[in-house]
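Structural characterization, general
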Amino acid sequence: MLRVHFTAHDLARVRVAPGPDYLWEISNSIQTLQRQDGVREFGEWRRWARPRLPDSCRLLAPLLPPRGDSPDFLTPTHGDRATLQAAVDTLVRTPRPRLHADLARVAAARRLPGWTRTLAGGDADTLRELGRAVRAYHGEALAPFWRRIHAHVDADRAVRLRSLLDGGTEGLLEGLGPRFRWRPPVLEADYPVDHQLHLEGRGLVLQPSFFCWPTPITLADGGLPPVLVYPIGHAADWTRAARHAPPDDGPLGPLLGHTRAAVLRATRTGASTVELARLLAVTHPAVSQHVKVLRAAGLVTTVRRAGRSLHVATAEGRALLRGGGHGPL
């Protein structure tokens, strides 16, 4: 069981990360790749990814087993994380004391390969080799799906925004899913070991993750900036994702056009132009044109805040989606 202890100050400092984190998705997916459960969610991706992995990725699996402790430095809480290269650069610059402490903690629980002793000593060549392995893994196993991964995380963020608007921070925490229980002032979550995280006024970053499975994850060192990585719900059509094929829009496709129907469906929980373009693999101008038509028909409304436009399906739009066979909204 994981127990996250909040103060009143912490409740005012909860935020949801702005998108998928490269290093968390890499770490979580390597662990998920080695598991046998989650076949519906990840079985097809595992069969596709395993034969594609380069030999350099052999360095990663011992550090990121399917169960058990992993080094915190593989998912740093500082530095530039805006691009994969920036994230890898932050990883490669991990200070020697952090390397040593993390690897000593993990080695106390399980046997590590001999080369990790060189890594723990801060050897620059070993760190660079680890960075190359991370980049190679992402390029082969995740890059073909990164647009879809990002879109699913964007959709989850929109759901969290609704929870926050409807119920405040406590509503956000209550709505994280069945593996979480908000018992003020403690957030409990299913976890493989007993772990207490005392925020002590530092706040909490909620990091949605496509590959986090099956329970949430946090850093082992409670002294680091607090982050809680949680699984998001997603469909598992990996073949379609790799082709960037349009989704099945049922009877609405012939009525509105497949792309326009997909735009309407994606606005059920709210989405920006950038998010819609990423999800549907179309240009920003094309999204804007589709939204313009849907807005003129009264199916979508657009709210502008701080230079950002959020497109949200209206009651009429949601009713049309229900009638088109898209289930309860």
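As the structure is a prediction and not an experimental result, all values here were calculated from the model.

Comments concerning the overall build of the protein chain
- Each helix and strand in the protein chain was counted, giving 14 helices and eleven strands.
- Taking 329 residues into account, the globule formula puts the C-alpha radius of gyration at 20 Å, and the protein chain, at 21 Å, falls close to it.
- Taken over 329 residues, the protein chain has a buried fraction of 49%.
- When the accessible surface of the protein chain is split by element, carbon and sulfur atoms take 54% of a total near 15300 Å².
- Counting 44 positive and 31 negative side-chain charges, the protein chain places the averaged centre of each group 4 Å from the other.

Re the packing of aromatic side chains
- One pass over the structure, following the stated rule, counts seven aromatic pairs.
- Residues W48 and F145 carry aromatic rings whose centres are separated by 4.9 Å and whose planes lie at 75° to one another, so their mutual orientation is edge-to-face. Pair noted here: W48 is in helix α3 (residues 39-49) and F145 is in the loop between α7 (124-142) and α8 (146-174), with a separation of 97 residues, a long-range link.
- Overall, the relative accessible area of 27% leaves W48 in the partly exposed class.
- One aromatic cluster is present, built from ring pairs that chain together F42, W45, F210, F211 and W213.

As for the nonpolar core
- Core analysis: the biggest nonpolar cluster contains 58 residues, and F6, W45, Y137, L187 and L206 have the highest contact counts within it.
- If you tally residues by element for this core, the top one is α7, at seven residues.
- If sequence neighbours within four positions are ignored, Y137 has contacts with I26, S29, I30, L33, W45, L53, C57, L60 and L142.
- Core analysis: the next-biggest nonpolar cluster, separate from the first, contains 17 residues, V263, A266, L294 and A313 among them.

What to know about the pairing of strand β4 (residues 186-189)
- On β4, burial covers both faces: V186 and E188 on one face and L187 and A189 on the other are all buried.
- Here strand β3 (residues 180-183) pairs with β4 via four bridges, running antiparallel. Along β4, the bridge assignment pairs F180 with A189.

The rules behind each value
- Each chain has its residues counted from 1, following the order in which its sequence is written.
- Given that the model is predicted, a residue must reach a pLDDT of at least 70 before its local features are reported, and side-chain atom pairs must reach 80 or more before they are shown or counted; all residues, however, enter totals for whole chains, interfaces and linings.
- Note: side-chain values were computed over all heavy atoms of the structure, leaving out hydrogens and water.
- Segments assigned H or I by DSSP are reported as helices when at least four residues long, segments assigned E as strands when at least two residues long, and all are numbered from the N terminus.
- Note on method: radius of gyration uses C-alpha positions; expected globular size equals 2.2 Å times residues raised to 0.38.
- To sort residues, take the accessible area from a 1.4 Å probe on protein chains only and compare it with the maximum for the residue type: under 20% means buried, over 50% means exposed, and anything in between is partly exposed.
- Only the protein chains shown count as covering a residue, and every accessible area follows the Shrake-Rupley method with a 1.4 Å probe.
- None of His or the chain ends enter the tally, which takes Lys and Arg as positive and Asp and Glu as negative.
- In this description, the location of a charge corresponds to atom NZ of lysine, CZ of arginine, CG of aspartate or CD of glutamate.
- Only rings of Phe, Tyr and Trp enter the pairing, Trp through its six-membered ring, and a pair is recorded when the two centres are within 6.5 Å. The plane angle decides the type: under 30 degrees is stacked, over 60 is edge-to-face, the rest tilted.
- Residues belong to a common nonpolar core when they are buried Ala, Val, Leu, Ile, Met, Phe, Trp, Tyr or Cys residues joined through side-chain atoms within 4.5 Å.
- For this analysis, residues touch if any pair of their heavy atoms sits within 4.5 Å.
- Pairing between strands requires that DSSP locate at least two bridges from one strand to the other.

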